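Residue-level structural notes
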Amino acid sequence: MAVSKFGIFIFCHIHILSLTTANSKDGYDRYKALLPKTQGMPWPLPFQMTSSEDQLFIDKDRFVFNLDQRCDILSYAFKRYTDIIFGADDSTVSQTKRFSNRNAHQKTVFEFAIPRPLRDDDVVTALHVDVQGQCMDDEYPSLQSDESYNLQINPNGFATLDAKQVWGALRGLETFSQLIYNNDDGAFVINVTSITDKPRFQHRGILLDSSRHFLSVNVLKKNLDVMAMNKINVFHWHIVDGTSFPYESYTFPDMSAMSAYTRKEVYSQEDIKDLIEYARLRGIRIIPEFDSPGHSESWGPANPGLLTKCFTAGKWDGSFGPIDPSSNITYPFLTQFFTEISQVFKDQYIHLGGDEVSFDCWKSNPDVNAFMTRMGFPNDYSKLEEYYMTKLLQIVDSAKRNYIIWQEVVDNNVTVAANTVVEVWKGEYQKEMAAVTAKGYKVLLSSPWYLDYISYGKDWYKYYLADPQDFNGTQEQYDLVMGGEACLWGEFVDDTNVLSRLWPRASPIAERLWSPIGTFDVKSAEMRLDEHRCRMVKRGYPAQPIDGPGFCPHEFVQK
Amino acid sequence: MTNKMAGEIGVIVLFSCCLAIAICNVQQQYREKGRSVAVTQTSGMPWPMPKQMTVTTIQRILDVGSFQFLVSSSTQRCDIIDEAFVRYRKYIFGNDDRTLKFKTNRKPRHGSIDQEAYLDTLQINIASGCDGYPSEESNEAYTLMISQDASTATINANEVWGALRGLETFSQLVYQNDMGLAVINATIINDAPRFQHRGLLLDTSRHFLSLDILKENLELMAQNKFNVFHWHIVDDQSFPYESYYFPDMSRKGAYSVRHVYTHSDVKEIIEFARVRGIRVIPEYDSPGHSQSWGLAITNLLTKCYKDGQLSGDFGPIDPSVNSTFQFLQNFFLEISQVFPDKFIHLGGDEVPFDCWESNPDITSFMTMMGYGKNYALLEEYYMQRLIDIVQGLNKGYMIWQEVIDNGAKVAPDTIVHIWKGGYQDELTKVTKLGYNAVLSAPWYLNYISYGSDWRNYYQVEPLNFNGTDAQKALVIGGETCMWGEYVDNTNLIPRMWPRAASVGERLWSPMEVNSADAATSRLEEHRCRLLKRGFPVQPVNGPGFCSVEL
C-alpha cells in the first residue's frame, strides 16, 4: 500500500476498555462465534483518543449543553442530541433502578445501590461547548469548513468541547453522544476520555440516485440523519437521469411535468429548500448532479431540439441520444437552467456528470456531422464532447460555481479547467487516480464503493480496506485527493430498502475517509462497527446486520 | 347464472390465453416519451397465476360504499372468512387517506354509468365447515366467477382454505381504471395449487425477529398463496422459544430477555397464521445445531476432548446417555401440544462427528452397540429414537436430507427436505427410496446478488429430475429459505419480497407457467400492489415506479 509512504505520525492510542462481551456466558462455541461489541466507542475513529476505565455518570435530568454565544445551528443540535442521548430508554432495566427525581429541589438521587459513595464530581452535568468563530445564521458548510474539535471528559466530571467552527462542534457533539452508553444497571455513563479529532479528507460523500427510483423527502432526511452519525459531509444528489426527471424547475416546469414518473414523484422547490436546510443544520453539503450530455433522455420531452435525433438508414428512427451540441437551443437552455441551479443549491460545487456518453447517435446524425465539419473536427467525437463540456463549464463558471465531473471527460482527453474536480468510478482506479492527479486535477474516489452491488456476507471488509491514496504518485498528487463517495445507484433501490442497504455498509467508508491513515485493523473495527450498527438501530434507523449472527439490545422497530 | 356466463364466453381456456388481454392494460402513458423507462405493469392480473383463467375486457365497477361480501357455509358462522372480509375490504378499497386511492364510486342513481356496470356483491360458498387448522390435506381449490352482467360475483370452494385463496385472487383482480374507479374485469377462474406444500423458512435464532415482523411476513405469505411457515425457531446461536417444561432454555439460551417468544407470542403467531390458511411447522434441529440447548440442560450435549482432556467445548447432543432421550420425550411432548400442525421438523443436518469421535464415553458406547467407528450409525441410532418419540406423540416429521444421505432408515411417511447442491440427483434418490420430498436447494434467498435474481428462482422446475411418475408424485412441494445470519427486523421484509413471490408462483401455478419474461410485468404489478397495501417490498426489475410508493 502506498499509505506507508506518508510516514505521518499517528497518535491513536486507544484503550479498548469496553470489550465486555454483551453475552459473556459460559465458554460455549456459539458465544465464541458471536462477536463482542464495544461499549461507548465512537465511529469513525477519532484522530487521537485516549480513554480510561473510569466511568462517570451522566445525570439525565440535570444535564445541559452550555454555549457562550447564540447559535441556531447548535441550539437545534443540542435539542437533537438531548433526544438522541436520552431518548430511547433501556427497557431491560426497571424504572425504579434508575435515576429518579425524588424531590424537585434536590435532584439526582440514585435509588439503586452503587458500589461507592456518589459524589457530585462523578457526575457529568454539562458539556461546555466553545466555538472560536462567530456562528452565523445563514452559514453553509463548504469544502473549506473546519470540522476539527477537541473533546475532554475530565475525571472530575467537567466536560468540554472546543471547536474553531460550528461544523467541528457538530462533529464533536456526535462523538460525545457516541461515548455515552448504558452500564449494566441501565444508567447513562461515559468514560474519562480525551479526544482531538479532525477529518483525514475534506470531501466525504454519499451518492443517492432519485431518478431510477424516486426517494421520498422523508427517507432522504432519515439518510441525512445517519450521514451525520457517520460524519459524512456531502450528499451527492444524483437527482435526475435518463429514466426520470423529478426536479421541479421554476424556469422549465415542463421538465418534471413531462418527465417525472408521475406528479407524485417530484421534488418541489419547497422540498429542496427543506432538504438543504435539514442538511445544513447537520453540517452536510448538498451537491446536486445534473448529468449531461448523456443520461439526459428525460430532459428532452420538455425541450424539443435539445437531444440529438438518432438516424437509422438515413432517417430519424424516433429515438434520441445525448444532448445535441450542434443545436441552437442547447446553450441558451443550459445557461438558463444552470443559472437556476446555481441559485437553488447553495453549495459552491455542482456535479455536471459527463459519464458514459455514447457517440453512436451523434455519428448517425447528419446535422451533427455537418456541424463538426464546419467546426473543423470532422469525425472526432471526443472533440465534440470536449466542445460541449467546455461550453457547459464556461456557463457554470459564469454562474460562479465550481464543478465536479465523472472521469470519462478527462479520459476522453477533453481539456477542462484546472480547478475541475474529477470523480473516479471505473475499474483499475489506482491507475486512474495516478493519471488524473498527474494531470493536476483534484480527484474524488468512488470505484471501490459502489454499494448497489450486493453480495452475500461481510462485504464491508473490502470497502474498509480500499484507500483513496493507495496509488503510485508523488506527495503533490496525493494532496490532490479530496476524498471519496459511496454510491448507491437506484436501479434496485427505493424507499423500501435504501436505508437498510446503505447502512451500515457505508460506515466503513465513512471511517476510511475520516479516520487517520493506517486505520486498517478490521478485527477491532468490527467490534466497534457492531456497536455502531446497534446504535443506529437504537436511534430508529434500519441498519442491517453485516457481521453474521448476533443481536442488538434494542432491535429495530418500524415507526 | 354462472352457467350462462360460461356459455357466453365459450370454452374455458387455459391460463396462458389471458396474457394477451393483460397487455392492453399495461400502463402506457409513461412509455410514450421515448426514453428508456422501466418495466411495464399489468393491471388487475393475479399472482401467482391461476390454473385456469379467462379474462374479458369488460370492466365491472366496484362501489366502495355499497360493495358487500357474503359467505355461506355448512356451519352457522365463519370467523375466518369474516375476519378475511375486513382485511380484503381494506386491501381493495383502502382504509385511510394514504391507502384510499380510489374515488368514492358512489353509485349514481340517475347517472351516466349504466347500473349494470356495477358489481355489488361477492358471494362465497363453502361446501364444508370453516373451523380448525389448515393441514397437509387441506383443499385449497376454488372457482371464481365475475360475470359480464350479474350483480354478484361468486367464489365456490369445498373448504374455507380454498375460499381464502379465492378471496386473495379476487382482491388482486381489482384495479384502478383511467377514471380512477375501482374496477374488475369479467373473469372466470378455476384454480388449485400444483403443490400441496408451499413453504417459507425463517430463522429466528441467528437474529431475532419481532412478532410484528413475523406477522407482516405471514400477511405477505397469504398474499402469495404460501401455506407453510417453517419456523426455524432455535439453533446454536440462540434459543428464543420459551418452553413450559424447561423455562431455563430461553432464560439461558436466548440472546436476552427481550429476545424471547413467550407462550402467548407463539399462540398468537399460530392463530394469525391459521386464519390465513397457513400452517406453522416448527423446527427443533438436533442432534447438531443445538448448542443453545445445552446451557440449560446439563449433560445433554457431548463434551469434546482434546489430547485426552475435556476441551471445554461441546458438540452435538450426546446419544450415549439415557437422560438425553428422557429430555427429548418431555420436550417434544410439549412441542406436540404447543404446535397444532401434524408435522414437526426435526432437523438432522450438518452433524459433525469430530466431537463424538473425541469422547471416550461415546467410544465405549459405540463399541457396546457394535458400531465400531461408524458414526453415521450413531447418528442413525439417535434419529431413530427421536423419531420413535415423535411418532409416539402422533406427529409426522420432516428431516433435512443428511439423515437419509448418512444411511439412516426412517419411517416411510417421513418428509425429506432437500437443501444441498446436486438436488436433482438427491430428488431421484430420495423418491426412489419412497420418501416424500420437499425442495429448498435452489431457493435460498439469504444468498443475495445484484440484479433480477428472482428470474433464477422462477425458472427452477422441481420435477426436472430422473424418476418415474410415482417418484415425481412424491415431491409434495418446496420451501424458500431466508437463513438469518444477515437478516433481522431491519431488512427481512424487503429482502424477502418480492423475491419469494417468484417461488410462490412456481409452487402454485401450472408447470407451463414458466417464462420469467412473460411474468415480469405481472410481478411488477404485484410488487406495487403489495407496496400499496403497506408492505416494504423492494424493486427487482430495474428502474421504475409504483403509482403509490410506500
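Residues numbered from 1 in each chain as written. Chains lettered and ligands numbered in written order. Predicted model: local features only at pLDDT ≥ 70, side-chain atom pairs only at ≥ 80, totals over all residues. Heavy atoms only, no water.

To continue, consider the overall build of chain B. In terms of helices and strands, chain B carries 18 helices and 18 strands. In chain B, which comprises 550 residues, the share counted as buried stands at 63%. Contacts in chain B between residues far apart in sequence, at least 24 positions, make up 75% of those at least 6 positions apart. By element, 50% of the accessible surface of chain B is carried by carbon and sulfur atoms, the whole surface being about 19,400 Å². (Helix = DSSP H or I, 4+ residues; strand = E, 2+ residues; numbered from the N terminus. Buried < 20%, exposed > 50% of the residue type's maximum accessible area, 1.4 Å probe, protein only. Contact = heavy atoms within 4.5 Å. Areas by Shrake-Rupley, 256 points an atom, 1.4 Å probe, with all protein chains shown as cover.)

Turning to the UniProt feature "active site" (unreviewed entry) in chain A, a few remarks are in order. All names here are of chain A. UniProt annotation of "active site" (unreviewed entry) refers to Glu356 when read in the numbering used here. Mapped onto the fold, Glu356 is located in the loop between β16 (349–351) and α8 (360–364). Residue contacts for Glu356: discarding those within four places in its chain leaves His295, Glu408 and Trp425. Within polar-contact distance, the side chain of Glu356 engages the side chain of His295 at 2.7 Å. (UniProt positions renumbered as here; feature names shortened; annotations may be inferred. Polar contact = N/O pair within 3.5 Å; in protein donor to acceptor, adjacent residues only side chain to side chain.)

What follows is about the pattern of salt bridges. As a working rule, side chains carrying opposite charge can pair if their charged atoms are close by. In total, this model carries 45 salt bridges over all chains according to the counting rule given. As a salt-bridge pair, Arg533 of chain A and Asp488 of chain B come within 2.9 Å of each other at their nearest N and O atoms. Of the two residues, Arg533 of chain A sits in helix α17 (residues 522–538) while Asp488 of chain B sits in the loop between β18 (475–482) and α16 (492–496), which places them in two different chains. The pair Arg533 of chain A / Asp488 of chain B is uniform in exposure class, with both members buried. Residue Arg529 of chain B is joined to Glu525 of chain B by a salt bridge in which the shortest nitrogen-to-oxygen separation is 3.5 Å. (Salt bridge = Lys/Arg side-chain N within 4 Å of Asp/Glu carboxyl O.)

For the rest of this paragraph, the subject is the state of the cysteines. Residue and element names in this part refer to chain B. This structure, assessed with the given rule, holds six disulfides over all chains. Residue pairing for Cys304: its cysteine sulfur links by disulfide to Cys355, the two sulfurs lying 2.1 Å apart. The disulfide joining Cys304 to Cys355 has a torsion of about -105° about its S-S bond and is therefore left-handed. In this pair, Cys304 is assigned in strand β12 (residues 301–306) and Cys355 in helix α9 (residues 354–358), connecting sequence segments 51 residues apart. Note on Cys355: relative accessible area 6%, which makes it buried. Covalent S-S linkage joins Cys528 and Cys546, the inter-sulfur distance amounting to 2.0 Å. Of note, the bridge from Cys528 to Cys546 carries an S-S torsion of about -75° and is left-handed in sense. A residue pair is termed long-range when its members are at least 10 positions apart, and Cys528 in helix α18 (residues 516–532) and Cys546 in the segment after α18 qualify at 18 residues. Given the relative accessible area of 6%, Cys528 is considered buried. Under the relative-accessibility criterion, Cys546 is labelled buried at 0%. (Disulfide = S-S within 2.5 Å.)

Residues and elements named next belong to chain A. Two elements in contact, helix α16 (residues 507–514) and α17, have axes separated by 11 Å at closest approach and are oriented at 120°. The pairing of α16 with α17 is recorded here as oblique in orientation. For the crossing formed where α16 meets α17, the hand is right-handed. Facing α16, whose interface residues are Ser507, Pro508 and Glu511, α17 presents Ala525, Arg528, Leu529, His532 and Met536. Residue composition of the contact of α16 with α17, by class: four nonpolar, two polar and two charged. (Axes fitted to C-alpha atoms, helices over the stretch in contact; angles between N-to-C directions. Parallel < 35°, antiparallel > 145°, perpendicular 65-115°, else oblique. Left-handed = near helix turned anticlockwise from the far one by under 90°. Nonpolar A, V, L, I, M, F, W, Y, C, P; charged D, E, K, R; others polar.)

This paragraph deals with helix α17 (residues 499–508) of chain B. Counting buried residues along α17 of chain B, ten of its ten residues qualify, which places the element largely inside the surrounding structure. Among all positions of α17 of chain B, only Arg499, Ala500, Ala501, Ser502, Val503, Gly504, Glu505, Arg506, Leu507 and Trp508 of chain B are buried.

What follows deals with the packing of aromatic side chains. Aromatic rings considered in pairs are described by the distance between their centres and by the relative angle of their planes. Following the criterion strictly, the structure yields 83 aromatic pairs over all chains and no others. For the ring pair Tyr261 of chain A and Phe545 of chain B, a centre distance of 4.8 Å and an interplane angle of 25° mean the geometry is stacked. Linking Tyr261 of chain A in the loop between α5 (254–259) and α6 (269–280) with Phe545 of chain B in the segment after α18, this pair reaches from one chain into another. For Phe545 of chain B, a relative accessible area of 7% puts it in the buried group. A cation over an aromatic ring shows up here: Lys231 of chain A above the ring of Trp514 of chain A, its NZ or CZ 5.7 Å from the ring centre. (Phe/Tyr/Trp six-rings, centres within 6.5 Å; stacked < 30°, edge-to-face > 60°. Lys NZ or Arg CZ within 6 Å of the ring centre and 35° of its normal.)

Summed over the entire model, instances satisfying the criterion amount to ten cavities of 30 Å³ or more. In this model, the largest cavity occupies a volume close to 300 Å³. Ile454, Arg501 and Gln544 of chain A together with Ile448 and Arg495 of chain B are the residues nearest the centre of the largest cavity, which is lined by 27 residues in total. Taken together, the elements giving at least two residues each to the lining of the largest cavity come down to α15 (498–502) of chain A together with α16 of chain B. (1 Å grid on protein atoms, 1.4 Å probe; cavity = no way out; pocket = protein on both sides within 12 Å on 5 of 7 lines; lining within 4 Å. Points joined across faces, edges and corners; volume = space filled by probe spheres on them.)

Note on placement: Asp459 of chain A falls in the loop between β19 (442–445) and α13 (460–465). Within the structure, Asp459 of chain A has its side chain in polar contact with the side chain of Arg505 of chain A (distance 3.0 Å).

What follows covers the interface of chain B and chain A. Reports of interface size often rely on the accessible area that becomes lost once the parts have come together. Taken together, the 57 residues of chain B in the interface contact 60 residues of chain A. Here chain B meets chain A over a buried area of about 4,900 Å², counting both sides, of which 56% is carbon and sulfur. Taken together, the links from chain B to chain A amount to two salt bridges. Counting across the interface, chain B meets chain A through 19 residue pairs in polar contact (both at pLDDT 80 or more). Of all the elements in the fold, those that place two or more residues in the side of chain B that touches chain A are α6 (248–253), β13 (309–317), α16 and α18 of chain B. Residue contributions to the side of chain B that touches chain A peak at three residues, all from β13 of chain B. (Buried area = accessible area lost by both parts, 1.4 Å probe.)

What follows is about α18 of chain B. Residues and elements named next belong to chain B. With 17 residues, α18 should cover 24 Å at 1.5 Å per step; its first-to-last C-alpha distance of 23 Å lies within 8% of that length. Roughly 30° is the biggest bend found in α18, and it falls at Arg522. Where burial is concerned, most of α18 is hidden: 14 out of the 17 residues are buried. Two residues or fewer past α18, Gly534 is found with a positive phi of approximately 105°. (Expected span 1.5 Å × (residues − 1). Bend = angle between axes of the 7 residues up to and from the residue.)

This brings us to the nonpolar core. Counting residues in each nonpolar core, the largest one holds 147 residues, and the members touching the most others are Phe170, Tyr241, Trp293, Phe331 and Phe332 of chain B. Of all the elements, helix α11 (residues 375–392) of chain B adds the most residues to this core, at nine residues. In contact with Trp293 of chain B, other than residues within four places in its own chain, are Val234, Phe239, Met249, Tyr284, Asp285, Ser286, Leu300, Ile317, Phe327, Leu328 and Phe331 of chain B. Counting 107 residues, the second largest nonpolar core, distinct from the first, contains Tyr278, Val357, Val414 and Leu529 of chain A. (Core = buried A, V, L, I, M, F, W, Y, C linked by side-chain atoms within 4.5 Å.)

Now for the packing of helix α8 (residues 322–338) of chain B against α11 of chain B. Residue and element names in this part refer to chain B. Across the interface, α8 lies against α11 with an axial gap of 9 Å and an inter-helix angle of 35°. Every pair of crossing elements has a handedness; the one defined by α8 and α11 is right-handed. Two secondary-structure elements touch here, α8 through Asn322, Thr324, Phe325, Leu328, Gln329 and Phe332 and α11 through Tyr381, Tyr382, Arg385, Leu386, Ile389 and Val390. Here the residues of the contact of α8 with α11 are counted per class, giving eight nonpolar, three polar and one charged.

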